[in-house]
Amino acid sequence: MPLDMFEPTTDFVFGVPQWMVIAFMAVLGAMIGSFLNVVIHRVPRGQSIVLPSSACPACGAAIHFYDNIPILSFLILRGRCRSCRAPISPRYPAVEALCALLFALVTWRDGLSFALPFDIAFAAAMLALVFIDSEHMILPNAITYPGIIFALITRVAVPYLGGASHLDDLPYLISVFPAVPVWGVSLVGAAIGALAGGGSLWLMGFIWEKLRGVEAMGMGDVKMMLMVGAFLGWRLAGLTIFIGVFTGSLAGIALMFRRGRRNLQMMLPFGIFLGIGAVVSLLAGTRIIEWYLSQFK
């Protein structure tokens, strides 16, 4: 695989060194990660993400702004509530750090392009879904349904703002439908991607249920892949599922050996692995596919 998989687009952005732009976006990512922690905690419980303000889950004490600094507050407080000294879940700094990393990597890939806000929003949504699924084994409609709408908006806006080449499938589809407006071709790509992502996942689950008599795929996974497929296109949707199945299989095998029993019906939150696959596909999917296809030339 080529070593320039994540090669940055340029060394300077508007005369500013790119590393400074990336560092700024990482800080912004940590701040967004703090908000994602609210989403991860409240959305599965059907609570508002706006009100009330953040409070300790153990004692209910309000969290002051100086105790809500991403990552740093957790370290300063040594992972405990200032009021009651109850332990704070390490999930909070983990989400903030991962969101900072994702924002940095997406910025490294996109530069300060018009497509950047769309890509970091998609990455943030994937991060929220991964952690919600890991804790609750659900993928909330409150995220996936707006995510599908967001994907369609992205497919219309990005070709005009960031160029058709930013979407993996669009250059090829434009060559197939030259007489159709770009936004129309892009929406066709979204439909094909959604079908390839959500439709294929639903079909695999349906076949497995008929063969084994057990439910293999939740509709949350299907809706998540409708969103991913509409956003990324059919090629990257396929890569997302491949990475998800591969990493999920490795995790399942490791878990079976750890527990000392082999149970093919063991439940795993598949959304975790689909989220990982979606982020990898966003960051490097086109290069991975092109590298793979080049092996056959």
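Going by the structure above, here's the rest.
Residue positions are counted from 1 within each chain, in the order its sequence is given. Thresholds applied to this predicted model are a pLDDT of at least 70 for local features of residues and 80 or more for the giving and counting of side-chain atom pairs; totals over whole chains, interfaces and linings are not thresholded and use all residues. By convention in this description, side-chain values take in all heavy atoms of the structure and omit both hydrogens and water.

K.L.:
Explain helix α4 (residues 116-136) to me, using residue names and the numbers behind them.
P.N.:
Think of an α-helix as turning once every 3.6 residues; residues three or four places apart then point the same way. Only DSSP runs of H or I reaching four residues or more are called helices, and only runs of E reaching two or more are called strands; each is numbered from the N terminus. A helix is expected to span 1.5 Å multiplied by its residue count minus one. Between its terminal C-alpha atoms α4 stretches 30 Å, which fits the 30 Å expected from 21 residues at 1.5 Å a residue. When a residue's accessible area, from a 1.4 Å probe over protein chains only, is under 20% of the maximum for its type it is buried; when over 50% it is exposed; and in between it is partly exposed. Burial of α4 is extensive: 16 of the 21 residues sit out of reach of the surface. Of the residues trailing α4, Met137 is marked for its positive phi of about 55 degrees.

K.L.:
Break down the packing of aromatic side chains for me, with residues and values.
P.N.:
Ring pairs shown here join Phe, Tyr and Trp side chains whose ring centres sit within 6.5 Å, with only the six-membered ring taken for Trp; geometry is labelled stacked below 30 degrees between planes, edge-to-face above 60, and tilted in between. The tally for this structure, following the rule as stated, stands at six aromatic pairs. Centre to centre, the rings of Phe150 and Phe231 are 6.0 Å apart; their planes meet at 15 degrees, and the pair counts as stacked. One end of the pair, Phe150, is in helix α5 (residues 141-161); the other, Phe231, is in helix α8 (residues 219-232), and 81 residues separate them in sequence. The buried category is assigned to Phe231, whose relative accessible area is 4%. The ring of Tyr92 has Arg91 sitting right over it, with the charged end atom 4.4 Å from the ring centre. Placement of a positive charge over a ring is assigned whenever Lys NZ or Arg CZ falls within 6 Å of the ring centre and within 35 degrees of the normal to the ring plane.

K.L.:
Break down the layout of surface pockets for me, citing the residues and quoting the values.
P.N.:
Using only the protein atoms, space was sampled on a 1 Å grid; points where a 1.4 Å probe fits but cannot get out form cavities, open sets with protein on both sides within 12 Å along at least five of seven lines form pockets, and lining residues are those with an atom within 4 Å of a point. Grid points are joined across faces, edges and corners, and a volume is the space filled by probe spheres set on the points. Computed from the structure, the second largest pocket encloses a volume of approximately 850 Å³. Around the second largest pocket sit 38 residues that line it, and Ser54, Ala55, Ile63, Asn68 and Tyr92 are the ones nearest its centre. Those elements that provide at least two residues to the lining of the second largest pocket are α1 (18-42), α2 (72-76) and α3 (91-110). Among the elements that make up the lining of the second largest pocket, the one with the highest residue count is α1 (six residues). A per-class count over the lining of the second largest pocket returns 23 nonpolar, eleven polar and four charged. Under the scheme applied here, ten amino acids are nonpolar (Ala, Val, Leu, Ile, Met, Phe, Trp, Tyr, Cys and Pro), four are charged (Asp, Glu, Lys and Arg), and all others, including Gly, are polar.

K.L.:
Go over the packing of α1 against α3 with me, naming the residues and quoting the values.
P.N.:
Comment: axis = line fitted to C-alpha atoms, over the contacting stretch for helices; angle = value between 0 and 180 degrees taken between N-to-C directions. Two elements in contact, α1 and α3, have axes separated by 6 Å at closest approach and are oriented at 140 degrees. Classified by the angle their axes make, α1 and α3 are oblique. When you trace α1 past α3, the crossing you get is right-handed. Here the contact of α1 with α3 is composed, by residue class, of 16 nonpolar, seven polar and two charged. Convention used here: angles under 35 degrees read as roughly parallel, angles over 145 as roughly antiparallel, angles from 65 to 115 as roughly perpendicular, and any remaining angle as oblique. Here a crossing is called left-handed whenever its near helix is offset anticlockwise from the far helix by less than a right angle, and right-handed whenever the offset is clockwise.

K.L.:
Run through the pattern of salt bridges, naming residues and quoting values.
P.N.:
Two side chains with opposite charge may pair up if their charged atoms get near one another. Salt bridges, as used here, are contacts in which a Lys or Arg side-chain nitrogen is within 4 Å of a carboxyl oxygen on Asp or Glu. Inspection of the entire model under this criterion finds seven salt bridges. The partner of Glu135 in a salt bridge is Arg91, with the nearest N and O atoms 2.8 Å apart. Placement of the pair is Glu135 in helix α4 and Arg91 in helix α3, with a sequence separation of 44 residues. Note on Glu135: relative accessible area 37%, which makes it partly exposed. For the salt bridge of Asp110 with Arg109, the shortest nitrogen-to-oxygen distance reads 2.6 Å. The structure contains a network of salt bridges with shared partners spanning Arg109, Asp110 and Asp119.

K.L.:
Run through the nonpolar core, naming residues and quoting values.
P.N.:
For our purposes a nonpolar core is just a set of buried Ala, Val, Leu, Ile, Met, Phe, Trp, Tyr and Cys residues, chained together by side-chain atoms within 4.5 Å. In this structure, Phe122, Met126 and Val228 are the most contacted members of the largest nonpolar core, which totals 52 residues. When contributions to this core are tallied by element, the ones reaching two or more residues are α1, α3, α4, α5, α7 (182-212), α8, α9 (234-259) and α10 (270-294). It is α4 that contributes the most residues to this core, 13 residues altogether. Ranked by size, the runner-up nonpolar core spans eight residues in total, among them Ala115, Leu170, Leu173 and Val185.

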